Amino acid sequence: MEKPQFLIGATSSGCGKTTFTLGLLRALYKRGLKVQPFKCGPDYLDTKHHSMAAYRESYNLDTFMSSPQHVQNIYTQQCTDANVCITEGVMGLFDGYDNMKGCSAEIAELLGIPVILIVNAHSTAYTVAAILYGFKHFRPDIKIAGVIFNFVSSSTHYAYLQQACHDAGVEALGYLPKCSDIEIPSRHLGLNIDHKFCFHDFADKIAAQIEKTVLIDKILGITLKPISQTIHTPLPSTKSSLRIAVAKDEAFNFIYPANIQALEQYGTISWFSPLHDTELPVADFVYLPGGYPELYLQQLSSNHPMRQSILNYCQKNGLLLAECGGMMYLCNSIRNAQGKSFPMCGFLPQTASMENMKLKIGYRKVIIGDCTFYGHEFHYSHIIPEENLTSTIGQCFNAKGCIVDTPVYRKNNVIAGYTHFYGAETGHSLLEIAQAGYRNNH
């Protein structure tokens, strides 16, 4: 059965891929279609917004953190019952972690889907003919199905852009005008997820504009292709009776959905909130994902029963994996940007500080013993050691294979660090990461 499938790419970052993607997801949802969203690369914020716009979980497609076969499996499995499948690219179409490795074009080629290209038309007109010609012919095996222009000043401006498309041999599929109402506000960690931001109103506004100035029906028609019926699934694992507790609330929510699906193979998941609950669920394994703990310091610090419950679990050799914000929560304290200190769980003898914020970002390959795991680092905080340095394990490399100083802390049976691990592939689950650290500790 054929269904529309395409990747939304761009000539560079800042062209409006995410704005257009969110609006199109919402527009198609409002038409009554089941739309399956995906995101190229490691971004866990865009997928959250995709899910809100389409009312359907969005999944990451990443060929650094997982194998090509895994990417194909995830795509095929999630597309099966959808009417339309839309993948948002990352950066420019050919920008990868090492030249083209891991870029949006690589994902489009791997999945055999065409590209809808977003072009920033601000302060340009016929020159886009040369840009489009270059994108069309640089990699002829990557099909550019058509182009959407963003930041268009008028219908006359768009007419010039259409002429450029005609001469470059690329289909013009519409445009978005310059309009402050459909520009996404930003925070220091990416898209705005604050409760004050009325996301659904925002998505509805973009959807309404897209219905006016974008040829949606044409896009759906020219991107029809069959979904592969072959799914190469890993060998089935015997589900154990493990009790798995996962933190999820306003402060801790940077979670790859595929990670949770993988954890479900090992046992039963219970969700809990470090903000609102007073104790951990009974658990054999606890997962503290990243998030925005720095926005909820007073509330987290004031929840003494939960802090004590987590501290007791860690001190009694409970198996736990903490990533980025989750790791910060386990520290003695977190300092905000102004230097004010807020007591946290007190298990790791160090302070996490938001002072003098500096971005640290990149793919990570972590080797612990004879096991290799993959993930991504993205944070502005830094760690200040206190009385005793926390033990570290393993060795960490960036996408180029160079050693980086990103630590993986180990204390008792707790593994913690800044890396957001992708643990959805067999042999790389979050539980296996924690167990590798456990073995390294004994």
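In case you missed it, the structure is sitting above this.
Residues numbered from 1 in each chain as written. Predicted model: local features only at pLDDT ≥ 70, side-chain atom pairs only at ≥ 80, totals over all residues. Heavy atoms only, no water.

### Observations concerning the packing of aromatic side chains
- Following the criterion strictly, the structure yields 15 aromatic pairs and no others.
- With centroids separated by 4.5 Å and ring planes inclined at 35°, the aromatic side chains of phenylalanine 64 and tyrosine 363 adopt a geometry described as tilted. With phenylalanine 64 in the loop between strand E3 (59-61) and helix H3 (68-79) and tyrosine 363 in strand E20 (residues 360-368), the pair connects residues that are 299 residues apart, well separated along the chain. The same class applies to phenylalanine 64 as to tyrosine 363, namely buried.
- For the pair tyrosine 256 and tyrosine 422, a centre-to-centre distance of 5.5 Å together with 65° between the ring planes defines the contact as edge-to-face. Of this pair, tyrosine 256 sits in the loop between strand E12 (252-254) and helix H9 (257-263) while tyrosine 422 sits in the loop between strand E27 (420-421) and helix H13 (430-441), and the two are 166 residues apart along the sequence. We note that tyrosine 256, like tyrosine 422, is buried.
- One aromatic cluster is present, built from ring pairs that chain together Tyr44, Phe254, Tyr256, Tyr292 and Tyr422. (Phe/Tyr/Trp six-rings, centres within 6.5 Å; stacked < 30°, edge-to-face > 60°. Helix = DSSP H or I, 4+ residues; strand = E, 2+ residues; numbered from the N terminus. Buried < 20%, exposed > 50% of the residue type's maximum accessible area, 1.4 Å probe, protein only.)

### Re the sheet that holds strand E25 (residues 408-411)
- Pairing is mixed across the open sheet formed by 6 strands, whose spatial order is E13-E11-E14-E16-E26-E25. The sheet terminates laterally at strand E13 (267-272) and E25, the two strands that pair on one side only. Taken over all neighbouring pairs, the strand axes of this sheet differ in orientation by 15° on average, direction set aside.
- Pairing geometry for strand E11 (residues 242-247) and E13, over 6 bridges, is parallel. Bridge pairing links valine 246 to tryptophan 271 in E13.
- Contacts between helix H11 (residues 304-315) and the sheet are confined to E13, strand E14 (285-288), strand E16 (319-323) and strand E26 (414-417), with E16 contributing the most and set at about 125° to the helix. (Pairing = 2+ DSSP bridges. Axes fitted to C-alpha atoms, helices over the stretch in contact; angles between N-to-C directions. Contact = heavy atoms within 4.5 Å.)

### Structural notes on the pairing of strand E7 (residues 172-177)
- Among the 6 residues in E7, 6 count as buried, and that is most of the element.
- Across 3 bridges, the pairing between strand E6 (residues 144-152) and E7 is parallel. Directly across from valine 147, in E7, lies its bridge partner alanine 172.

### Concerning the pattern of salt bridges
- Within the structure shown, the criterion is met by 16 salt bridges.
- Where glutamate 109 meets arginine 139, a salt bridge forms, and the shortest distance between an N and an O atom there is 3.3 Å. Residue glutamate 109 is located in helix H4 (residues 104-111), and its partner arginine 139 is located in the loop between helix H5 (128-138) and E6; the two are separated by 30 residues in the primary sequence.
- Look at glutamate 109 and you get partly exposed, because its relative accessible area is 44%.
- The network of salt bridges with shared partners includes Arg26, Lys30 and Asp204. (Salt bridge = Lys/Arg side-chain N within 4 Å of Asp/Glu carboxyl O.)

### Looking at the packing of H5 against helix H6 (residues 155-168)
- Viewed as axis vectors pointing N to C, H5 and H6 meet at an angle of 35°, and their least axial separation amounts to 8 Å. With respect to the hand of their crossing, H5 and H6 are arranged in right-handed fashion. Residue-level contacts link Val128, Ala129, Leu132, Tyr133 and Lys136 of H5 to Leu161, Ala164, Cys165 and Ala168 of H6.
- Residue composition of the contact of H5 with H6, grouped by class: 8 nonpolar, no polar and 1 charged. (Left-handed = near helix turned anticlockwise from the far one by under 90°. Nonpolar A, V, L, I, M, F, W, Y, C, P; charged D, E, K, R; others polar.)

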